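# Residue-level structure breakdown
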Amino acid sequence: MMSQDIVDALQRAGLSRAGAGEPMARHTSWRIGGPADYFCVVEEEQQLFEAVSIAKSAGIPWLVLGGGNNILVSDDGVEGLVILNRLRGLAIEDGPTLACAAGVFFAKAAQFTARQGFTGMEWGISIPGTVGAGVVNNAGAHWSDVSQALVSADVVDDKGESRRLTPKMLLYRYRQSALKRPHLIQSTFVVTSCRFRLAPTEPRAALARLEEFRQHRQETQPIKEPSAGSTFKNPPGGHAGALIDRAGLKGR
């Protein structure tokens, strides 16, 4: 396909903000990054499949982006199609579990469950990204992470085939999973939805816990300046912050 043909195909599919040359600085927490060759926003699973199909037909790579918090984009931009995942949907199901579309942000999931009178997701209030990206990266905060809370995740491949994965199948380790690839330039599996384990509680208690975690984040991490939050991984048995302090580099 020619460049305009790809844009026309994305627009005919009804994809939001479909176009070319979208600056990635608008979609990353660092507020930097050059343009994507092509860009669109998906809000339904069928739109995701259509976007991937268009990229495959055009012979270009495609990359799915969540909240843009754990990604650093070159000034040269991104080759191919960037698909911004905004799949929505939240529901409490039997178990009880939280059924959550991949484009939902952790903070929204945490607030939703707390207000409904369930505990288990409060730790997510401090994570700025989406739950889909969290499944890939085993995101965590406040002594919990996805590997401890996840019941299952639904993913699709570039052929449109779906499968349901358990935490055991995802081979979780600290900030790692079987879905994560370093220096990713081409998506392979895309998380479309996931389910998290919950337990009944008093809404007041859950909301108080959310506020405690929110205040802790405000006191320990920058929230106004562009950043990626916790930039460094903790070393085995230690903390990155302690090493930075010992090196005399705090605040640099």
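Note that the coordinates shown come from a computational prediction; the quantities given were computed from them, not determined experimentally.

## Let's talk about unusual backbone geometry
Look at the link from Gly95 to Pro96: it is a cis peptide, with omega at -10°. Mapped onto the elements of the fold, Pro96 is located in the loop between strand 5 (90–93) and strand 6 (97–101). Phi is positive for Arg31, close to 60°, though the residue is something other than glycine. For Arg31, the position within the fold is in the loop between strand 1 (16–23) and strand 2 (35–42). Non-glycine residue Trp143 carries a positive phi angle of around 65°. Judged by its relative accessible area of 76%, Trp143 falls in the exposed class.

## Describing the nonpolar core
When a protein is soluble and globular, its nonpolar side chains tend to lie buried together. Counting 51 residues, the largest nonpolar core has Leu81, Val135 and Phe196 as the members making the most contacts within it. Among the elements that make up this core, the one with the highest residue count is helix 2 (residues 45–58) (6 residues). Among all residues touching Phe196, those that are not within four sequence positions of it are Pro96, Thr97, Leu98, Phe106, Met121, Val131, Val146, Ala149, Leu150 and Val151.

## Considering the packing of helix 3 (residues 106–115) against helix 6 (residues 203–220)
Orientation of helix 3 relative to helix 6, taken along the N-to-C sense of each, is 155°, at an axis distance of 8 Å. Compared by their axis directions, helix 3 and helix 6 come out roughly antiparallel. Residues Ala110, Gln111, Ala114 and Arg115 of helix 3 pack against Pro203, Ala206, Leu207, Leu210 and Arg214 of helix 6. Across the contact of helix 3 with helix 6, the residue classes tally to 6 nonpolar, 1 polar and 2 charged.

## Here's the deal with the sheet that holds strand 1
Working definition: the strands of a sheet are paired by backbone hydrogen bonds and lie parallel or antiparallel to each other. Read across the sheet, 4 strands follow the order 1-2-4-3 without closing on themselves; strand pairing throughout is mixed. The sheet is open, and its two edges are formed by strand 1 and strand 3 (62–65), each paired on a single side. Within the sheet, the average angular offset between the axes of one strand and its neighbour, ignoring direction, is 25°. Across 5 bridges, strand 1 lies against strand 2 in antiparallel orientation. Along strand 2, the bridge assignment pairs Ser16 with Val41.

## So, helix 1 (residues 3–12)
Every buried residue of helix 1 is accounted for by Ile6, Val7, Ala9 and Leu10. In a view along the axis of helix 1, the buried residues occupy a sector of 160°, so they form one face of it. Elements in contact with the buried residues of helix 1: strand 1, strand 2, helix 2 and strand 4 (78–85). At the exit of helix 1 stands Gly14, carrying a positive phi of roughly 75°.

## Digging into the pattern of salt bridges
Any two side chains of opposite charge can pair, given that their charged atoms come close. Throughout the structure, instances matching the rule amount to 6 salt bridges. In this structure, the salt-bridge partner of Arg26 is Glu22, at a minimum N-O distance of 3.4 Å. The class for Arg26 is exposed, based on a relative accessible area of 55%. Note that Asp157 is salt-bridged to Arg163, the shortest N-O span being 3.7 Å. What emerges from the salt-bridge pattern is a single network uniting Arg17, Glu22 and Arg26.

## Points about a nonpolar patch on the surface
On the surface, Trp30, Ile32 and Leu72 cluster together into a nonpolar patch covering about 280 Å² of accessible area. Within the element layout of this structure, Leu72 appears in the loop between strand 3 and strand 4. On the basis of relative accessible area, Leu72 is assigned to the exposed category, the value being 61%.

## Notes on the packing of aromatic side chains
For the structure shown, the criterion picks out 2 aromatic pairs. A centroid spacing of 6.4 Å and a plane angle of 55° characterise the contact between Phe106 and Phe196, whose relative ring orientation is tilted. On the criterion of sequence distance, the pair formed by Phe106 in helix 3 and Phe196 in strand 12 (residues 190–197) is long-range, its members being 90 residues apart. The class of Phe106 is buried, set by a relative accessible area of 0%. Residue class for Phe196 comes out buried when judged on its relative accessible area of 0%. Among the aromatic residues, those joined into a cluster by ring pairs are Phe106, Trp123 and Phe196.

What counts and how
- Residues numbered from 1 in each chain as written.
- Predicted model: local features only at pLDDT ≥ 70, side-chain atom pairs only at ≥ 80, totals over all residues.
- Heavy atoms only, no water.
- Helix = DSSP H or I, 4+ residues; strand = E, 2+ residues; numbered from the N terminus.
- Buried < 20%, exposed > 50% of the residue type's maximum accessible area, 1.4 Å probe, protein only.
- Core = buried A, V, L, I, M, F, W, Y, C linked by side-chain atoms within 4.5 Å.
- Contact = heavy atoms within 4.5 Å.
- Axes fitted to C-alpha atoms, helices over the stretch in contact; angles between N-to-C directions.
- Parallel < 35°, antiparallel > 145°, perpendicular 65-115°, else oblique.
- Nonpolar A, V, L, I, M, F, W, Y, C, P; charged D, E, K, R; others polar.
- Pairing = 2+ DSSP bridges.
- Arc of directions from axis to C-beta.
- Salt bridge = Lys/Arg side-chain N within 4 Å of Asp/Glu carboxyl O.
- Patch = residues over 30% accessible without salt bridge, like charges linked within 9 Å, V, L, I, M, F, W, Y side chains within 5 Å.
- Areas by Shrake-Rupley, 256 points an atom, 1.4 Å probe, with all protein chains shown as cover.
- Phe/Tyr/Trp six-rings, centres within 6.5 Å; stacked < 30°, edge-to-face > 60°.

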